[in-house]
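Close look at the chain arrangement
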Amino acid sequence: SEACQSCTNEKCVPSFEACAGVTPPAPTASIAANTSQVTTSAGDACVGQTGWDADFTEHMHTCGLRSVGAMPAAGSCMAKMQGVSTDCGNCLGDLISCGRHCASQCCLGNCPASEACQSCTNEKCVPSFEACAGVTPPAPTASIAA
């Protein structure tokens, strides 16, 4: 969708270009069509699903490490860890993936309850998660289990 492309261009492309040294290609029609299908099925992906927030901070950290913050692996991991649908898992995985933008503020996932981490994720990631999942992420626990 146009909104998705605009968001990507604003929030993702600059860091991609800085890292990779190239400009990403424009999405193809088939990718755009698949994206809009995903968007229309989202919005309440985690509503009514028991367990989506169980051991949330620990599981987000574990799946973030296992997937290196990349989708679709992060979403698949969270769907399995939380015992939720693929759609809900994908919203959770997108939250993990987005969190890479806050890696330094969040001590690479080791200080999710810090003020700097919360400020960054609340600004950059929580709104899109809520729009996808239909729920608000719980407050993170102060420390990650080793």
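Only a predicted model underlies this, so the values are computations on that prediction, with no experimental measurement involved.

**As for the environment of Ser76**
On the secondary structure map, Ser76 appears in helix α5 (residues 73-82). Look at Ser76 and you get partly exposed, because its relative accessible area is 37%. Linking Ser76 and Cys88, residues 12 residues apart in sequence, is a C-alpha distance of 9.7 Å.

**Description of the state of the cysteines**
Scanning the model with the defined rule gives seven disulfides in all. One disulfide in the model links Cys46 with Cys88; its S-S distance is 2.0 Å. Because the sign of the S-S torsion sets the handedness, a value of about 105° for the bond joining Cys46 and Cys88 places this disulfide among the right-handed ones. With Cys46 in the loop between α3 (29-41) and α4 (56-67) and Cys88 in helix α6 (residues 86-99), this residue pair connects regions lying 42 residues apart in the sequence. For the pair Cys46 and Cys88, a shared accessibility class is recorded, and that class is buried. The disulfide partner of Cys63 is Cys77, and the gap between their sulfur atoms is 2.0 Å. As the torsion about the S-S bond is roughly -75°, the Cys63-Cys77 disulfide counts as left-handed. Taken together, the residues span a long stretch of sequence, with Cys63 in helix α4 and Cys77 in helix α5 at a distance of 14 residues. For Cys63, a relative accessible area of 0% gives the class buried.

Criteria and cut-off values
- Residues numbered from 1 in each chain as written.
- Predicted model: local features only at pLDDT ≥ 70, side-chain atom pairs only at ≥ 80, totals over all residues.
- Heavy atoms only, no water.
- Helix = DSSP H or I, 4+ residues; strand = E, 2+ residues; numbered from the N terminus.
- Buried < 20%, exposed > 50% of the residue type's maximum accessible area, 1.4 Å probe, protein only.
- Disulfide = S-S within 2.5 Å.

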